Amino acid sequence: MKREDFGLETREPEIQSGAPVLKIKEMSKEERPRERAINHGIGSLTTAELLAIILRTGQQGFPITDLCRQLMSDNDNSLLRLARRSRRELTLTKGIGDAKALQVEAMMEITRRYHLELVDSTTRVLDSLKTSDSIFQRMRYRIANLDHEEVWILLLNRMNQVIKEFKLTSGSSIASVFDTKMILKRALLENAEGIVMCHNHPSGNLRPSPQDDNITRKLFGACSTMDFRMIDHVIITVNGFYSYADEGRLG
């Protein structure tokens, strides 16, 4: 696997792990993001400089600030794209080994969990799903920016409060693995009354596919037969969402 396989320009091979490291304190003061953060506030730092504080050490001839600038450049200076990178893809950047790749992954996971808590504490949408937007707000930080499709099912009580949520599929064609019986079985076990289906489009395209339409009709029909309320099927991307209920297309 090469850098060019992921749209990254060819660079010299990564410096061996035995090479001496260059710490932030060994740089000139102008290059020390920690010093700048202390003197001018953490908000004064660029994204690359914030990464430098987290990753801490570079290598001889390749300061940590340069490494982080290259890492951001390799990802179009986009944290959304960085978050989609696998560990192996991250290590294609010079100076990023497994340890630093794990640090980057940990940073992105903390960010994701922060936003999940923020949704809970500020909008309380985790308690009751009354609108398509509340469904979107609940699920966006979990699946919107994934590089593969995932289907999630939310089981609700009579007051549209979530009593159970679970991932139905991941990384496969939805139509080929969609299991209506499994959804209804879980709904019966949890004594649920309402069902919401959500899935993401990694491409960012909000338009439902024929397969999306087919599984929506299939699940709606099954819910009607079993006296469950199918509340909505929401397609989620980083740019927004599509609601079958809002569009009058359930059933």
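Placed above this text is the structure.
On a predicted model such as this, the values are computed, not experimentally measured, just so you know. Throughout, residues of each chain are indexed from 1 in the direction in which the sequence is written. Local features are withheld for residues below a pLDDT of 70 in this predicted model, meaning they are given only at 70 or higher, and side-chain atom pairs are given and counted only at 80 or more; totals for whole chains, interfaces and linings count all residues. To obtain the side-chain values, all non-hydrogen atoms of the structure were used and water was disregarded.

**Q** Sorry if this is basic, but what is going on with the overall build of the chain here?
**A** The helix and strand labels rest on DSSP assignments: H or I over at least four residues marks a helix, E over at least two residues marks a strand, and numbering proceeds from the N terminus. When helices and strands are counted, the chain shows 10 helices and five strands. Classification of residues uses two cut-offs on accessible area relative to the type maximum, computed with a 1.4 Å probe and protein chains only: under 20% is buried, over 50% is exposed, and between them is partly exposed. Counting only residues that meet the buried cut, the chain has 43% of its 251 residues in that class. Residue contacts are counted whenever heavy atoms from the two residues lie within 4.5 Å of one another. Here the contacts in the chain between residues at least 6 apart in sequence split such that 61% fall between residues at least 24 apart. With residues, only the protein chains shown are counted as cover, and all accessible areas are computed by Shrake-Rupley using a 1.4 Å probe. A total of about 13500 Å² of accessible surface is found on the chain, and carbon and sulfur atoms cover 49% of it.

**Q** Looking at this model, I keep getting lost on helix H3 (residues 64-74). Mind explaining?
**A** Because each turn of an α-helix spans 3.6 residues, side chains separated by three or four positions in sequence point in the same direction. In terms of residue burial, H3 counts as a mostly covered element, since eight of its 11 residues are buried. Asp76, located one to two residues past H3, shows a positive phi value of around 55 degrees.

**Q** Would you take a moment to explain the packing of aromatic side chains for this structure?
**A** How two aromatic rings sit relative to each other is given by the distance of their centres and the angle of their planes. Centres within 6.5 Å are what make two rings of Phe, Tyr or Trp a pair, Trp counting through its six-membered ring; a difference in plane orientation under 30 degrees is then read as stacked, over 60 as edge-to-face, and the rest as tilted. Counting across every chain of the model gives two aromatic pairs. Taking 5.4 Å as the distance between ring centres and 85 degrees as the angle between the ring planes, the aromatic pair formed by Tyr242 and Tyr244 counts as edge-to-face. Residue Tyr242 is classed as buried on the basis of its relative accessible area, which comes to 15%. Across the ring face of Phe62, the terminal group of Lys94 is positioned such that the distance to the ring centre comes to 4.4 Å. In this arrangement the basic side chain of Arg142 is found over the ring face of Trp152, its NZ or CZ atom lying 5.0 Å from the centre. Look at NZ for Lys and CZ for Arg. If either is within 6 Å of the ring centre and within 35 degrees of the ring normal, a charge sits over the ring.

**Q** So what exactly am I meant to see when it comes to the environment of Ile143 here?
**A** Relative to the helices and strands, Ile143 resides in helix H7 (residues 132-143). Accessibility expressed as a relative area gives 0% for Ile143, which makes it buried. Setting aside residues no more than four positions away along its own chain, Ile143 makes contact with Glu150, Trp152, Cys198, His199, Asn200 and Ile236.

**Q** Whenever I open this one, the packing of helix H2 (residues 47-55) against H3 confuses me. Can you help?
**A** Between two packed helices, the angle of one axis relative to the other and the distance separating the axes together describe the packing. Axis lines are fitted to C-alpha atoms, over the contacting stretch for helices. Their N-to-C directions set the angle, which ranges from 0 to 180 degrees. Where H2 contacts H3, the two axes come as close as 8 Å, and the packing angle between them is 125 degrees. When the interaxial angle is binned, H2 and H3 end up oblique. Handedness of the crossing formed by H2 with H3: right-handed. Only Ile64, Thr65, Leu67, Cys68, Arg69, Leu71 and Met72 of H3 make contact with H2, whose side of the interface consists of Thr47, Ala48, Leu51, Ala52 and Leu55. Here the word oblique covers every angle except those under 35 degrees (roughly parallel), over 145 (roughly antiparallel) and from 65 to 115 (roughly perpendicular). The hand of a helix crossing depends on one turn: near helix anticlockwise from the far one by less than a right angle means left-handed, and clockwise means right-handed.

**Q** How do you make sense of the pattern of salt bridges when you look at a structure like this?
**A** Two side chains that carry opposite charge are able to pair once their charged atoms sit near each other. Criterion for a salt bridge: a side-chain nitrogen of Lys or Arg within 4 Å of a carboxyl oxygen of Asp or Glu. Counting across every chain of the model gives 11 salt bridges. With its nearest N and O atoms 2.5 Å apart, the salt bridge here joins Glu49 to Arg36. In this pair, Glu49 is assigned in helix H2 and Arg36 in helix H1 (residues 33-40), connecting sequence segments 13 residues apart. Note that Glu105 and Arg87 form a salt bridge whose closest N and O atoms lie 2.7 Å from each other. Placement of Glu105 in helix H6 (residues 98-123) and of Arg87 in helix H5 (residues 87-90) is noted, with a sequence separation of 18 residues between them. Relative accessible area serves as the criterion here: at 25%, Glu105 is assigned to the partly exposed category. Owing to a relative accessible area of 39%, Arg87 belongs among the partly exposed residues under this scheme. One continuous salt-bridge network, built from bridges that share partners, spans Glu109, Arg112 and Arg113.

Read these as spatial facts, not as claims about activity.
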